[in-house]
Amino acid sequence: MKTRSTNYISLEFLSRSANEAFARGAVACFAAQLDPTLEELGDIKTAVSEAVTNAIVHAYPDALGRIALRARVLEGDVLEITVRDWGRGIADVEQARQPLYTTGGEERSGMGFTIMESFMDKLSVRSAQGKGTRVTMRRRIQPRRPLK
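Keep in mind the model is a prediction, meaning the values are calculated, not measured.

Chemist: Any chance you could explain the pattern of salt bridges here in plain terms?
Modeler: Should their charged atoms come close, side chains of opposite charge can pair. Inspection of every chain in the model, using the stated rule, returns 6 salt bridges. Measuring nitrogen to oxygen at the nearest pair gives 2.6 Å for the salt bridge that ties R24 to E20. Of this pair, R24 and E20 both sit in helix α1 (residues 18-31), 4 residues apart, which is roughly one turn of that helix. Judged by relative accessible area, R24 falls into the partly exposed class, the value being 25%.

Chemist: I keep staring at the sheet that holds strand β2 (residues 66-74) and nothing clicks. Help me out?
Modeler: The 5 strands lie next to each other as β1-β2-β3-β5-β4, forming an open sheet whose pairing is antiparallel. The open sheet has two edge strands with one neighbour each: β1 (5-14) and β4 (122-128). Shown here is a sheet whose adjacent strand axes are inclined to one another by a mean of 10°, direction ignored. In the sheet, β1 pairs with β2 via 9 bridges, with the strands oriented antiparallel.

Chemist: Just to check I follow, could you spell out the packing of α1 against helix α2 (residues 38-59) for this structure?
Modeler: For any two helices packed against each other, the geometry is given by the interaxial angle and the distance between the axes. Where α1 meets α2, the axes come as close as 9 Å, and the angle between the chain directions of the two elements is 145°. As α1 packs across α2, the resulting crossing turns out to be right-handed. Counted together, E20, A23, R24, V27, A28 and A31 of α1 and L41, I44, K45, V48, S49, V52, T53 and I56 of α2 form the full contact between these two elements. Classifying every residue of the contact of α1 with α2 gives 9 nonpolar, 2 polar and 3 charged.

Analysis parameters
Residues numbered from 1 in each chain as written. Predicted model: local features only at pLDDT ≥ 70, side-chain atom pairs only at ≥ 80, totals over all residues. Heavy atoms only, no water. Salt bridge = Lys/Arg side-chain N within 4 Å of Asp/Glu carboxyl O. Helix = DSSP H or I, 4+ residues; strand = E, 2+ residues; numbered from the N terminus. Buried < 20%, exposed > 50% of the residue type's maximum accessible area, 1.4 Å probe, protein only. Pairing = 2+ DSSP bridges. Axes fitted to C-alpha atoms, helices over the stretch in contact; angles between N-to-C directions. Left-handed = near helix turned anticlockwise from the far one by under 90°. Contact = heavy atoms within 4.5 Å. Nonpolar A, V, L, I, M, F, W, Y, C, P; charged D, E, K, R; others polar.

So, in structure tokens, the structure goes:
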């Protein structure tokens, strides 16, 4: 069943680490229309950071590539964020989703997917070796009660 969006943004950028902050900020600005709390906004920004950093570090370890980010507001105050790359892909998605598993060397924590999953309501990862990875995350923003 398709979920209808009421608004969206779509961005594409190079896999430069400087663009991670841009992606995080762009999604935060877009999400503001849902009036999230600072905690919700922080969670969203952290999840976006992890998804984009994974694409930068793992999809394109030896070269620059492109990353696409799409954010949508779905019915029911749900924010959906998709981060896609056309890089190396993930050989075993289930293994990659295990805490502490990394292919990025000693300096990487291996907690990216675990962090995304803990800060979002839903996480889906699709990948094919040599074709890239698509990470889709959803988070419902709780409507706030008006102050009395």
